[in-house]
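# Descriptive structure summary
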Amino acid sequence: MSTARSLLPDWVRKPVSGLTQFVKQLPYAGEGRYCPICNKTSRKFRAYGINRREGAQCVFCGSLERHRFLWHFLTKKTDLFSDTPKRMLHVAPESCFEPAFREKLGDQYLTADLYNSRAMVKMDITNIEYPDESFDVIYCSHVLEHVLDDRLAMSEFLRVLKKDGWAILLVPIDKRPTYEDPSIVDPLERLKHFGKEDHVRIYGADYADRLREVGFHVEATTIADLIDESERTRLGLVTAGGVIHYCTRT
Ligand SMILES: [Zn+2]
């Protein structure tokens, strides 16, 4: 169906696609849940994931729990949207964030990825081709668990961050200490050991120590630290976990 649709001219395809979206969103119309990224309310968030999580995804922009938590954090705890323009590097850009960041930051917003052609520049985060202190803000989510030399990537982020800048480098975190074994290279073995075929480790609570080792000052914030219970319900974060590590140079 999607192949057939791609053969249609734009003036037919776009309205058809818009109508399909509308019909899919209709059962979610209502109040009670709020997505701060696309600024829309819904009756509920939809289920998402291989290990299906109820009430996880915004039906309008596709945001998940971690995205809505991050947006809340950015709004309440950072200067990203202040009047002073911030030069922001967004690695492996999530589509739910891009329009909102672009609208707020304009030409100060740069997206980068090693493989995704949608990003504005191609970037290997272990060898960032930008001068020292290029960015006020760096945001990179769920990438470091794919990178063999993650300490080198962290050092590169530190190098290109301005002295008074800050970075948020999100990774999935388990309760156990970080587990990695570079000798495991087979995708099925990686799936067995690290939970995904292209992951090279599972980070644990010591993740912040690794960030500190390369020179970051790190402040950790959980959902419960930042958001009260009724707001957690409204944002669809009641069963969500996760920690945001706010990293600065000093
Ligand atoms: Zn949304």
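Our structure's up above, just so we're on the same page.
Keep in mind the model is a prediction, meaning the values are calculated, not measured.

## Description of the packing of aromatic side chains
Taken as a whole, this structure holds eleven aromatic pairs when the rule is applied. Seen in terms of ring centroids, F101 and Y109 are 5.6 Å apart; in terms of plane orientation they differ by 45°. Their pairing is tilted. For F101, a relative accessible area of 0% puts it in the buried group. Among the aromatic side chains, those forming a connected cluster through ring pairs are W71, F81, F97, F101, Y109 and Y139. For R68, the ring lying beneath its charged end belongs to F45, and the centroid distance is 3.8 Å. Cation over ring: K104 sits above F81, and NZ or CZ is 5.1 Å from the ring centre.

## Brief notes about the coordination of the zinc ion
Looking at the metal site, the zinc ion is ligated by C35 (SG), C38 (SG), C58 (SG) and C61 (SG), spaced 2.2 to 2.4 Å from it. Taken together, the four donor atoms coordinating the zinc ion and their angles of 105 to 116° define a geometry best described as tetrahedral. Linear spacing of the donor residues for the zinc ion on their chain is C-x2-C-x19-C-x2-C. Of this pair, C35 sits in strand β1 (residues 33-35) while C58 is found in the loop between β4 (53-57) and α3 (65-77), placing the two residues 23 residues apart along the sequence.

## Some words on the pattern of salt bridges
On inspection of all chains with the given rule, the structure shows 18 salt bridges. The salt bridge involving E98 is made with R118; its shortest N-O contact spans 2.5 Å. Taken together, the residues span a long stretch of sequence, with E98 in helix α4 (residues 98-105) and R118 in the loop between β6 (109-113) and β7 (121-122) at a distance of 20 residues. Overall, R118 belongs to the partly exposed group, its relative accessible area being 43%.

## Description of the sheet that holds strand β8 (residues 135-141)
Strand order in the open sheet made by the seven strands is β7-β6-β5-β8-β9-β13-β12, with mixed pairing throughout. Each of the sheet's edge strands pairs with one partner strand only, and the pair in question is β7 and β12 (217-222). Where strand β5 (residues 88-91) meets β6, four bridges bridge the pair, whose relative direction is parallel. When the sheet's bridge partners are listed, M88 is paired in β6 with Y109.

## A look at the side chain of E156
With respect to the element layout, E156 can be found in helix α5 (residues 150-160). For E156, a relative accessible area of 11% gives the class buried. Of the polar contacts made by the side chain of E156, one reaches the side chain of R159; its length is 2.8 Å. Other than its neighbours up to four places away in sequence, E156 contacts I125, T126, N127 and I128.

## A closer look at the layout of surface pockets
For the second largest pocket, the calculated volume is near 260 Å³. Lining the second largest pocket are 15 residues; nearest its centre among them are I37, C38, C96, P99 and A100. Mapped onto the lining of the second largest pocket, the elements with two or more residues apiece are α3 and α4. The element that contributes the greatest number of residues to the lining of the second largest pocket is α4, accounting for four residues. Grouping the constituent residues of the lining of the second largest pocket by class yields ten nonpolar, three polar and two charged.

About the thresholds
Residues numbered from 1 in each chain as written. Predicted model: local features only at pLDDT ≥ 70, side-chain atom pairs only at ≥ 80, totals over all residues. Heavy atoms only, no water. Phe/Tyr/Trp six-rings, centres within 6.5 Å; stacked < 30°, edge-to-face > 60°. Buried < 20%, exposed > 50% of the residue type's maximum accessible area, 1.4 Å probe, protein only. Lys NZ or Arg CZ within 6 Å of the ring centre and 35° of its normal. Donors = N, O, S within 2.8 Å, 3.2 Å for Na, K, Ca; no water. Tetrahedral: all angles 85-135°; square planar, octahedral: opposite > 155°, others 65-115°. Helix = DSSP H or I, 4+ residues; strand = E, 2+ residues; numbered from the N terminus. Salt bridge = Lys/Arg side-chain N within 4 Å of Asp/Glu carboxyl O. Pairing = 2+ DSSP bridges. Polar contact = N/O pair within 3.5 Å; in protein donor to acceptor, adjacent residues only side chain to side chain. Contact = heavy atoms within 4.5 Å. 1 Å grid on protein atoms, 1.4 Å probe; cavity = no way out; pocket = protein on both sides within 12 Å on 5 of 7 lines; lining within 4 Å. Points joined across faces, edges and corners; volume = space filled by probe spheres on them. Nonpolar A, V, L, I, M, F, W, Y, C, P; charged D, E, K, R; others polar.

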